[in-house]
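# Descriptive structure summary
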Amino acid sequence: MKIEIEVSRALDELADSVRVIGPVTVANHTNYVVTGLVDTHEQKRNLCWCILGFIGNIIEADMSIDSAIGNGKVATDNLQRALEKRLGVGDSLSLRQKERKRDPLLQELISHVLLLIHQRQEKLSVWLGTIQAISMPHLSPNDSGIDLIAIGSLYGAPISIIGEVKAYEKKPWDGLNNACKKFSEIVDGDYDDEIRGALKSLTKQSDISFTKEQLANNIWREQGHFGALVGHDSQYGKKGRSHIDVNFSSNQGEVLKQNADNLFFISSPFYSMRSLFDDLTSELVELSNKLSETL
Amino acid sequence: MIDEFSQKLILDSQIPSQLSSMEIRDMISRSYLSWLAQNIFDVEKSDVSSFKDELRRISLASSILHSENIDSSDIDATAFLIAESAEVSSMFRRSEQQEVPSNTLFRLFIRYLDYASYYHLADYDANANVTAKIAFNLLDSENFNADGLIDVARDSYYRCLGYFLRGKFGKCQDEANKKTESPTTEGRGYLFLRTCLANLANKYRGHGDETIDKRLNNFQLALQNKSVSYFSLQAETFKVMAFYAAAPRKSLHQMLESEFSDQQEYLNTRISAHNNQGYPFAWPPTRSFCQKYFNEKKHHAVITVPTGGGKSFLAELASVDALRRGWVLYMAPTNALCSQIKADLKNNLASVSNIDIEAYLGELEYSEELPKFQMPRQVLVVTPEKALLLLKRQPEIFQECSAAILDECHLLASKNRGDIAEVVLAFCLSQNTDVRVILMSALVQDSANLASWLASKTGQQVANIDLNWRPTRIARLTVLPDWSTLEKKQKGKKELFSIGVRAFGDTVTPWKEDTPVRSWLSPIRLEHKDQQFPWINNVTRHLAARFVEKKIPTLVFVLKNRHHAFSIAEKLNFEFTMQERPQASSKEKNLIELANYELGTTTLLAQLIDEKWASVHTSTMLDCERKLSEISFERGRSLLLVATGTLSQGLNLVAKAVIVCGTTLSEYGNGLDNDPVELRTRSLTQVLNAMGRAARANIACRGTSIIVPDILPNNINQNISKQDVLQIVPSLRNKDASLEINSPIRDKLLSTSTNSTDTAPSRIERSLLALLPIGSEHLGTTINFTLGNFEIVNSEATHAIIRRLESIKTNAITSGSKEWILKAASFAGVEYELADNLYAFIYSCVSDTDFYPPDDSYNGWAFFLFDWLQQLPAYVTWDLLKLHIKAWHYYWGKDKDPNLVQLFEKIGYPEKETDESKEFIEQLWGNMRLTVQAWLDGETYLRMGELLTRRECSSDKENKRTSPGYHLPRAIMWKQGFIERLAQFAGLLLAIQNQWVENEPDSAPYWLSSTSTLHTLPIGLRDGVQNPFAAAWFRHVIQERRAANLLQKLAPLQSEAMSDIQEAWTDVQQSLVKFLQIDDERKIVNALKQLLSTL
């Protein structure tokens, strides 16, 4: 079993299984609801292959898939070391550690998988256009940087995409509001050093179809597209009764500060986020072991 | 707001193709003007976000286009645009003053260092310093590391970066040497960058490790290939690589290394920055100067760089260079500036061995003392007047003068003093063919003309540094009444009118015809009983209050009338509280005590600082009061400094805004010079100088100057055209360098060239002889080297001028005048006929049997001087008389005095006299004698005012300063006008005595040759002290007259006689030690002890 083959296959299968409701443009933003990522065991397993792809650096900066992690036992050992380091696998994590470190990283990795899926089948086109270049996920949960920076192509012009990933079990709309806090800081210029570095770096990738002059013009014209990718429990409200409403428009303070035309809410409802992330962690360990078993 | 140089940078920047550079220029300016409108004038709150977003996007878009392969030999123009647009955008954020969480603070910290990095690449290092300081202030207030927001490696890298950008290389390297480890790849990357910065600091002085350069390259390549998004690390790596590329261009050490190879200590302490001080980065003017003056070996330099562009530093470099070959003459226009230059050079050249810095201070009067020249290699800091005296008395030392520096060289254009500076420079050039001349000014338009003068007269090449580069941007605003806002309301039975004030600002500085102007209606409303609204002082006060309320240190320059400075400060009205106001320091308290002692009443200044947050700085103040104002302003105890235009010259004060109150100097001046062209020129100079004082380098990146026009303009509303605004305030469009320099003596020389050798000398010719060194070996050569002669061009005319002046001298001698009398007149700077007259007067005294020799005291000699002056023809003393009348004339109430100047001019005085005029003249001489006696006896200024007005001052008016008619300003102005003129006559008396004793000792009367007080009379008279010993205290210890008298009384100097004040230094130091041990509980003694204990 070769990990790069598994990752590639898993991505293709996920691209087929993922369902997106939206875009639904409401008063203050545009909504998407994404399902079909973890609804079945097969989907979960595919997602985990993709996550392993990131953790094991199988997915390159230009989004190509190429293994540098080795084969068999070597690959298993390497991946498990990476899992221990990044997700704390093997340690018994407290709830707080899970909430603060493991879950946000997993959610960020899931969000990046979503973008890889979009690369194969465009499902979030209004937000992302056609992906041209994308930042790799942070593998350090303490990193205070921007979760996702990408360049898409929309109507023939490049557009910058900023994503903020949140894992909010019970209050997905608070997740949107909190993501918007960061968007305000970004618009205020607090992350410009990072964005400068990212855009310069992304424009150097080999297969982009735009010039940096085009990108500069576009950035001057508009701020880019801001997307809050919020993972949450599918039944999140009081006593677990509420479901996400794709027609709902948030009126929270930070949301209202944003430009409604450029703000996207991408919701990923999971049956239970907490147990999902526990499941995913176990699955990741299992899959990494599988690499050596099958040799 | 954007100046010409930064406009050029924007033009050269890589920008989004949808925008033009002019649009970008206007956006930046418009945003800054909007920031001013919102934050100073509290208007236009609504469109904040659009401005800051626009600029941020421009910055981001340009940074995408920013080439990584820029030509490192030139300024990185795009870096300027990236930094400037982002920094202006961030001003909106800073002024919101919200509480922000730690993680946001950390982002801000990085953000400001990011701007600082781009400013560094654009060679705006003072701006880099300011923004890095803002970042460090955040760092000091938070511990990001403890909060777990940042790993130790990253924290350490950013500290290193901040130190590097601030030119604190020692601290940068200390930080890089700290033992720090990081568990992450990214962290290790930051640690490597930290090493790179420390290595770069070494490279700045040519000691870098080349292998680190290669590793940095490899590191960057590796990062690009890395499948992880280390974007911040990548961005920092790019910057560090760009810093490396810029180092050969920016490193001042490398530029000077070969030239100053024998001055390693100086390079280490002043340039290398390894001691965290000095100038490691070469600003553009510095670079241009080093290239031309040192590398291309140009002999002279004419430096016309805007205020704040680093001229003083260039003079320092030229001095260090010249000190290897001889001594340096460093001229500056005022004693205050000379003192500051001396103190700065003493500090900055401390590492240069075997040299000295000496100041030779004083005014035009002749004095016996000379510079000590304790070291053959020294910088002598002088006013042109003292330099002129020195060259007349010791011409031979100028053969060893290796460089003559004239700071504020636009002085050459002044009819009052330009001739003196010109003669000094010409003399220097004539004495030593190798002497280098450095002319510096922010205001000279035709530097090429000055360069041609030096080149043509010496045959040497001239470095013409006329770079219009300024380290900060200054928005130029004006305010006008908006008559469309005129309102009338009823207040009781009376009508009350009110009108709004509109502010106007251009996108460029100076203003241009075709650029967009922005205006907004300020909340300032003027009220008055009719439509003749009190304008200039009133609106200035309102504006000043706005800046104070916003806690912005602001200079207000009052051109029209120096007493208005007090009036503006006194009537300030604002609501302002600041929690953390600095307490008055003990030095400030002691200066207040000293001022009270000198004045004889409480100083109004203390009250203004305390209650109005306003310092005042005018010539009608005591030195100790001005010092108090400067200290309080620097310490932030006062936020406003209301000053006259003279302060705008040279003195460097912390300010972010300037308000210029009026654009025309008072036509009265000192009552003697009313040349309208000269006044216009001086007005313009002062306005331009004043505006250049907004936003001092290293304090702010940009600032504001607001010009308040002199008169209330009518018929103006928001639709006024830009052309009309410019017509009302023409100086808005003046470039800093606007002054044309023409020799003030050219026309005098020309008129001389046409006179035949045997006619009687004209007034102009006599004044030329009083000015020039008259020794035969010097007269002709000096004339030959003058700017005036260069402008005349015709060599025949030059010969004719020299022949004519020589013949006047010869004729004077053949008709009975003695050569040494001519010399004495030249030393004293007066016409030789006056010297002849004095000699004859003394001689007549000797033969007069009723004559009693004067008492050998200052008072005795002053009375003798009056005896002589009183018998002179009226036209000789008329100017002196006018100066006294100005202080004497009481013009208030029922018992006011007649206006004597008008009265006398009406009868045709000084040519004609009447019985009435004679009676008044008699009274005036009597009053002069009385007041001069009191002056020398150490009376307070209040008492002097009473003697001058002949009226007791009521207690409620004692400390008033807002009008020249009050007692204190009257007495101080009398000192500056009348006493200084009288000191010149005293100088002549001393010069005659000196020359007589030297040349014909046997014929000199005993009472004249054996005097022990006359040697210091001109200085003592000017300083207003009781005797030569007090004069020594005044010179060396405390520049206040009553305090000097008191010191002499409490701790008398040990010398039996005091003929040379310079030599008395040691004696004074010994007595000072005794004074500090005296047991005396009086407040003034305690204050003096504390003030002097640090000397």
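What you are looking at is a predicted structure, and each value in this text was computed from that prediction instead of being measured.

## Overview of the overall build of chain A
Within chain A, the secondary structure is distributed over 10 helices and seven strands. Within chain A, buried positions represent 60% of all 295 residues. For chain A, the exposed area adds up to about 11200 Å²; of that, 47% sits on carbon and sulfur atoms.

## Some words on the pairing of strand β4 (residues 378-382) of chain B
All names here are of chain B. Here β4 lies mainly inside the structure; five of its five residues are buried. With four bridges joining them, strand β2 (residues 327-331) and β4 adopt parallel strand pairing. By the bridge assignment, Val-328 is partnered in β4 with Val-379. Direction of pairing for strand β3 (residues 356-360) relative to β4: parallel, over a ladder of five bridges. Its bridge partner lying in β4, Ile-357 is registered against Val-379.

## Topic: the pattern of salt bridges
Across all of its chains, the model carries 81 salt bridges over all chains by this definition. A salt bridge links Arg-102 of chain A to Asp-278 of chain A, with the shortest nitrogen-to-oxygen separation between them at 2.7 Å. Of this pair, Arg-102 of chain A sits in helix α4 (residues 95-120) while Asp-278 of chain A is found in helix α10 (residues 273-293), placing the two residues 176 residues apart along the sequence. Taking relative accessible area as the criterion, Asp-278 of chain A reaches 26% and is therefore assigned partly exposed. Across the salt bridge formed by Asp-26 of chain B and Arg-25 of chain B, the nearest N and O atoms sit 3.0 Å from each other. Taking relative accessible area as the criterion, Asp-26 of chain B reaches 14% and is therefore assigned buried.

## Some thoughts on the interface of chain A and chain B
Chain A puts 40 residues into the contact, and the matching count from chain B is 43 residues. Regarding the contact of chain A and chain B, the summed buried area is about 3800 Å², with carbon and sulfur atoms giving 48% of it. The interface formed by chain A and chain B holds five salt bridges in total. At the junction of chain A and chain B, the tally comes to 15 residue pairs in polar contact (both at pLDDT 80 or more).

## Section: the sheet that holds β2 of chain B
Strand-to-strand pairing in sheets goes through backbone hydrogen bonds, with the strands running parallel or antiparallel. All names here are of chain B. A sheet is described by the order of its strands in space; here seven strands give the open sequence β3-β4-β2-β5-β6-β1-β7, paired in parallel fashion. Strands at the two margins of the open sheet, each flanked by one partner only, are β3 and β7 (462-465). Neighbour to neighbour, the strand axes of the sheet diverge by 15° on average, direction disregarded.

## Description of the pairing of strand β13 (residues 640-644) of chain B
Residue and element names in this part refer to chain B. Counted residue by residue, β13 has five buried out of five residues, so it is predominantly covered. Residues Leu-640, Val-642 and Thr-644 line one face of β13 and the alternating positions Leu-641 and Ala-643 line the opposite face, and both faces are buried. Bridge analysis of strand β11 (residues 554-558) against β13 gives five bridges, and the strand direction is parallel. Each bridged residue has a counterpart across the sheet, and for Val-556 the counterpart in β13 is Val-642. The pairing of strand β12 (residues 614-617) with β13 spans four bridges and is parallel. Note that in β13 the partner of Val-616 across the bridge is Val-642. Taking the sense of rotation as the criterion, the β-α-β connection linking β12, helix α24 (residues 623-635) and β13 turns out right-handed.

Cut-offs used in this document
- Residues numbered from 1 in each chain as written.
- Chains lettered and ligands numbered in written order.
- Predicted model: local features only at pLDDT ≥ 70, side-chain atom pairs only at ≥ 80, totals over all residues.
- Heavy atoms only, no water.
- Helix = DSSP H or I, 4+ residues; strand = E, 2+ residues; numbered from the N terminus.
- Buried < 20%, exposed > 50% of the residue type's maximum accessible area, 1.4 Å probe, protein only.
- Areas by Shrake-Rupley, 256 points an atom, 1.4 Å probe, with all protein chains shown as cover.
- Pairing = 2+ DSSP bridges.
- Salt bridge = Lys/Arg side-chain N within 4 Å of Asp/Glu carboxyl O.
- Contact = heavy atoms within 4.5 Å.
- Buried area = accessible area lost by both parts, 1.4 Å probe.
- Polar contact = N/O pair within 3.5 Å; in protein donor to acceptor, adjacent residues only side chain to side chain.
- Axes fitted to C-alpha atoms, helices over the stretch in contact; angles between N-to-C directions.
- Right-handed = clockwise from strand over helix to strand, strands pointing away.

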